Amino acid sequence: MNKINLSCLFFIITISFYAQRIVDKEGAIVRSDTLKKNIYLCFTGHDHAEGFENVISVLNKQKVKGSFFLTGDFVRSNENLVKELSKSGHFVGAHSDKHLLYCDWIKRDSLLHSEKRIKEDILQNLNALKKLEICPKHFMPPYEWYNKKVVEIALQLNQITVNFSSGTRSNADYTTPEMPNYISSNDILKSIYSYLSLNSMNGFHLLIHPGTSPKRKDKFYLRLDELINKLKKEGYQFSKF
Ligand SMILES: [Zn+2]
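What counts, and at which threshold
Residues numbered from 1 in each chain as written. Predicted model: local features only at pLDDT ≥ 70, side-chain atom pairs only at ≥ 80, totals over all residues. Heavy atoms only, no water. Helix = DSSP H or I, 4+ residues; strand = E, 2+ residues; numbered from the N terminus. Rg over C-alpha atoms; globule rule 2.2 N^0.38 Å. Buried < 20%, exposed > 50% of the residue type's maximum accessible area, 1.4 Å probe, protein only. Contact = heavy atoms within 4.5 Å. Areas by Shrake-Rupley, 256 points an atom, 1.4 Å probe, with all protein chains shown as cover. Lys, Arg positive; Asp, Glu negative; His and termini not counted. Charge placed at Lys NZ, Arg CZ, Asp CG, Glu CD. Donors = N, O, S within 2.8 Å, 3.2 Å for Na, K, Ca; no water. Axes fitted to C-alpha atoms, helices over the stretch in contact; angles between N-to-C directions. Parallel < 35°, antiparallel > 145°, perpendicular 65-115°, else oblique. Left-handed = near helix turned anticlockwise from the far one by under 90°. Nonpolar A, V, L, I, M, F, W, Y, C, P; charged D, E, K, R; others polar. Pairing = 2+ DSSP bridges. Right-handed = clockwise from strand over helix to strand, strands pointing away. Patch = residues over 30% accessible without salt bridge, like charges linked within 9 Å, V, L, I, M, F, W, Y side chains within 5 Å. Salt bridge = Lys/Arg side-chain N within 4 Å of Asp/Glu carboxyl O. Disulfide = S-S within 2.5 Å.

### Topic: the overall build of the chain
What the chain contains, in helices and strands, is eight helices and nine strands. Taken against the 2.2 N^0.38 rule, which gives 18 Å for 241 residues, the C-alpha radius of gyration of the chain at 19 Å falls within 12% of a compact globule. Taken over the C-alpha atoms alone, the chain extends approximately 60 × 40 × 40 Å along its principal axes. Considering the chain as a whole, with its 241 residues, one finds that 51% of them fall into the buried category. A fraction of 72% describes how many contacts in the chain between residues 6 or more apart in sequence connect residues 24 or more apart. Just so you have it, the chain exposes about 12200 Å², and 55% of that area is on carbon and sulfur atoms. Across the chain, 34 positive and 25 negative side-chain charges occur, with their mean positions spaced 5 Å apart.

Right, dumping it as structure tokens:
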């Protein structure tokens with residue numbers, strides 16, 4: 001192997017070592033496997049479950065596995081559904097036991113609960129999953145809002161903190177018409193397609209809420225099939241944690 005080829009090889013090894021994940025300034029993984037054309041469909045669940053059956057049947061039909069982050073409250077109220085998700089090969093992970101807001105929306109470095117309380121909250125969520133023989137390694141914080149301390153507490157429980165990738169409006173699918181930041185499902189879909197036309201979505205964590213307030217009639221999860229078709233057409237495959 002000549003010198004140029006060798007340096008190319010080192011370059012490729014370096015790139016593949018460092019470029020696979022994007023970690024944000026708080027320490028959470030916000031994008032995975034950026035070298036692969038894989039999208040991570042992420043779903044969170046706490047107090048609404050009405051869209052889960054629809055989401056599961058679309059994923060089955062499309063032969064796609066998703067990553068579900070569920071609170072302890074959700075797990076205890078929907079044990080059969082959660083067992084079924086895990087048995088079908090979807091990832092099931094923790095999302096706080098009681099869906100507590102861990103840190104201040106504005107002063108992000110301020111915790112709103114003691115470290116002990118936060119640790120207990122994650123642990124109780126993990127215990128609810130353990131009861132169903134589910135032992136995940138990845139955790140998505142409640143409200144997708146956390147700081148370095150939360151990431152560290154989760155790590156003490158062997159949990160790697162992950163969050164959704166920014167760039168699309170998919171995470172605003174929980175909004176209801178009276179909210180100032182309300183966005184229709186058409187506009188959410190447009191935001192994803194416009195991102196897709198300009199950027200790579202390799203390793204993108206795309207967050208969708210399978211259960212939302214009854215005040216939102218225009219459910220984005222009903223567009224999941226259409227969205228997966230479009231992403232497949234663009235050459236993307238799907239991965240899970
Ligand atoms: Zn949540």
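### Regarding the coordination of the zinc ion
The protein atoms donating to the zinc ion are His-95 (NE2) and His-99 (NE2), with metal-donor distances spanning 2.1 to 2.2 Å. Classification of His-95 as buried rests on a relative accessible area of 1%. Given the relative accessible area of 16%, His-99 is considered buried.

### Comments concerning the packing of helix α5 (residues 115-130) against helix α6 (residues 148-156)
At a minimum axis separation of 10 Å, α5 and α6 run at an interaxial angle of 50 degrees. Judged on the interaxial angle alone, α6 and α5 are oblique. Crossing geometry of α5 relative to α6 is assigned as right-handed. Across the interface between the two elements, Glu-115, Ile-118, Lys-119 and Ile-122 from α5 touch Lys-149, Ile-153, Ala-154 and Gln-156 from α6. Looking at side-chain class alone, the contact of α5 with α6 contains four nonpolar, one polar and three charged residues.

### Topic: the pairing of strand β4 (residues 67-70)
Where burial is concerned, the two faces of β4 agree: the one with Ser-67 and Phe-69 and the one with Phe-68 and Leu-70 are both buried. In the sheet, strand β3 (residues 38-45) pairs with β4 via four bridges, with the strands oriented parallel. Note that in β4 the partner of Cys-42 across the bridge is Ser-67. Crossover handedness for the path β3 to helix α2 (residues 52-62) to β4: right-handed. When β4 meets strand β5 (residues 91-94), the two strands line up parallel, connected through four bridges. Bridge assignment links Phe-69 to a residue of β5, and that residue is Gly-93.

### Topic: a nonpolar patch on the surface
Taken together, the side chains of Trp-105, Ile-106 and Tyr-143 make up a nonpolar region of the molecular surface, amounting to roughly 390 Å² of accessible area. Tracing the sequence through the fold places Tyr-143 in the loop between β6 (138-139) and α6.

### A closer look at the pattern of salt bridges
On inspection of all chains with the given rule, the structure shows 15 salt bridges. Between Glu-234 and Lys-230 there is a salt bridge, and its shortest N-O distance comes to 3.5 Å. According to the relative accessible area criterion, Glu-234 is partly exposed, its value standing at 36%. Connected through shared salt-bridge partners, Asp-73, Arg-76, Asp-97 and Lys-98 make up one network.

### Examining the environment of Phe-91
Structurally, Phe-91 can be placed in strand β5. The exposure class assigned to Phe-91 is buried, which follows from its relative accessible area of 9%.

### Regarding the state of the cysteines
Inspection of every chain in the model, using the stated rule, returns zero disulfides. Of the cysteine sulfurs around Cys-135, a residue in no disulfide, the closest is that of Cys-42, at 20 Å.

### Notes on the pairing of strand β8 (residues 205-208)
Where a strand is regular, its side chains alternate between the two sheet faces. Of the two faces of β8, the one lined by His-205 and Leu-207 and the one lined by Leu-206 and Ile-208 are each fully buried. As paired elements, β3 and β8 share four bridges and run parallel to each other. Bridging from a neighbouring strand, Leu-41 pairs with Leu-206 of β8.

Fair warning: the whole summary comes from geometry, so function is off the table for now.
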